[in-house]
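Examination of the molecular architecture
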Amino acid sequence: YYFKTKDDLFRAVLEENVFKIIREAFEEVKKTERLTMPILIQSLTHVFCQIEDIILSYENNTNMSNLTELLLTAYTRYADIASFFRVSNRKIFRLYIKALQNEQHDGSIRQDIDVKVMAGFFCNIKSAYESGTQQYRTKWRNSQVYAYERSLNYLYELIKTKKHEE
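All values derive from a computational prediction rather than experimental measurement.

1. Brief notes about the side chain of S88
- Following the sequence through the fold, S88 ends up in helix α4 (residues 79-105).
- In terms of polar contacts, S88 uses its side chain to reach the backbone carbonyl oxygen of F84, at 2.9 Å.
- Those residues in contact with S88 that lie beyond four places of it in its chain are I22 and F26.

2. Focus: the nonpolar core
- In terms of nonpolar packing, the biggest core is built from 44 residues, with Y96, L100 and F122 touching the most fellow members.
- Within the residue set of this core, elements represented by two or more residues are α1 (6-30), α2 (37-57), α3 (64-77), α4, α5 (115-123) and α7 (143-159).

3. Regarding the environment of K162
- Inspection of the secondary structure puts K162 in the segment after α7.
- Sequence separation between K162 and R110 is 52 residues; the distance between their C-alpha atoms is 8.8 Å.

4. Quick word on the packing of α5 against α7
- Packing of α5 against α7 leaves a shortest axis separation of 10 Å and a crossing angle of 155°. Overall, the two elements α5 and α7 adopt an arrangement that is roughly antiparallel. The handedness of the crossing between α5 and α7 comes out as right-handed. Contact residues: α5 offers M118, F121 and F122, while α7 offers L152, L155, Y156 and I159.
- The residue makeup of the contact of α5 with α7, split by class, is 7 nonpolar, no polar and no charged.

5. Regarding the confidence of the model for the chain
- Put simply, the chain has an average pLDDT of 83, and 82% of its residues get 70 or more.
- Least confident of the elements in the chain is helix α6 (residues 133-136), whose mean pLDDT is 46; most confident is α5, at 96.
- In the model, residues 131-140 has pLDDT below 50 throughout and makes 10 contacts with residues more than four positions away in sequence or in other chains.

6. Some points on α4
- A rise of 1.5 Å per residue sets the reference length of α4, with its 27 residues, at 39 Å; its end C-alpha atoms lie 39 Å apart and thus fit the reference within 8%.
- Backbone geometry just downstream of α4 places G107 in the positive-phi region, at approximately 85°.

7. Topic: the packing of aromatic side chains
- What the rule picks out here adds up to 6 aromatic pairs.
- Between F48 and Y148, the aromatic rings sit 4.8 Å apart at their centres with planes inclined by 80°, giving edge-to-face as the arrangement. Placement of the pair is F48 in helix α2 and Y148 in helix α7, with a sequence separation of 100 residues.
- One aromatic cluster is present, built from ring pairs that chain together F19, F84 and F85.

8. As for the pattern of salt bridges
- In total, this model carries 9 salt bridges according to the counting rule given.
- One salt bridge connects D106 with R34, and the closest N-O pair in it is separated by 2.9 Å. A residue pair is termed long-range when its members are at least 10 positions apart, and D106 in the loop between α4 and α5 and R34 in the loop between α1 and α2 qualify at 72 residues.
- On the basis of relative accessible area, R34 is assigned to the partly exposed category, the value being 34%.
- E157 is the salt-bridge partner of K160, the closest N and O atoms lying 3.3 Å from each other.
- On the accessibility criterion, E157 (36% relative accessible area) is partly exposed.

Conventions adopted
Residues numbered from 1 in each chain as written. Predicted model: local features only at pLDDT ≥ 70, side-chain atom pairs only at ≥ 80, totals over all residues. Heavy atoms only, no water. Helix = DSSP H or I, 4+ residues; strand = E, 2+ residues; numbered from the N terminus. Polar contact = N/O pair within 3.5 Å; in protein donor to acceptor, adjacent residues only side chain to side chain. Contact = heavy atoms within 4.5 Å. Core = buried A, V, L, I, M, F, W, Y, C linked by side-chain atoms within 4.5 Å. Buried < 20%, exposed > 50% of the residue type's maximum accessible area, 1.4 Å probe, protein only. Axes fitted to C-alpha atoms, helices over the stretch in contact; angles between N-to-C directions. Parallel < 35°, antiparallel > 145°, perpendicular 65-115°, else oblique. Left-handed = near helix turned anticlockwise from the far one by under 90°. Nonpolar A, V, L, I, M, F, W, Y, C, P; charged D, E, K, R; others polar. pLDDT = per-residue confidence, 0-100. Expected span 1.5 Å × (residues − 1). Phe/Tyr/Trp six-rings, centres within 6.5 Å; stacked < 30°, edge-to-face > 60°. Salt bridge = Lys/Arg side-chain N within 4 Å of Asp/Glu carboxyl O.

As structure tokens, this is what we get:
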């Protein structure tokens, strides 16, 4: 491959290793007949697991913190990249709302939950991605993804109705 500029190379790397994975996940979720929280959590976890697998395939000091810093830099430097992440975050927020509404409708989660507020809580669990990582390092290859998934599932368990708790 030939890239005219470093920016072109940078965009191509992001496209292949991040954007494509996120778009494919949105397409898979669209195919879901009835979106539920377990399906959405599994889908989001899968996205982060794929990205982390790519990072771990490099033999250097790259980790999710480095990638996050890189993406934040790209976010501030390139309007189209910032737009992609803003749109993606809005889609994820709407997907949480839809899944929560579906589960409220069938009685799986508490009726007194404000689904928009709760969707915001789920969207902001991203910080768990960085916390507790060392705790799971020996048990799970994708330790940051495991911490993220564990946090999402914990919050989900808190809002489930008694009859749907296992």
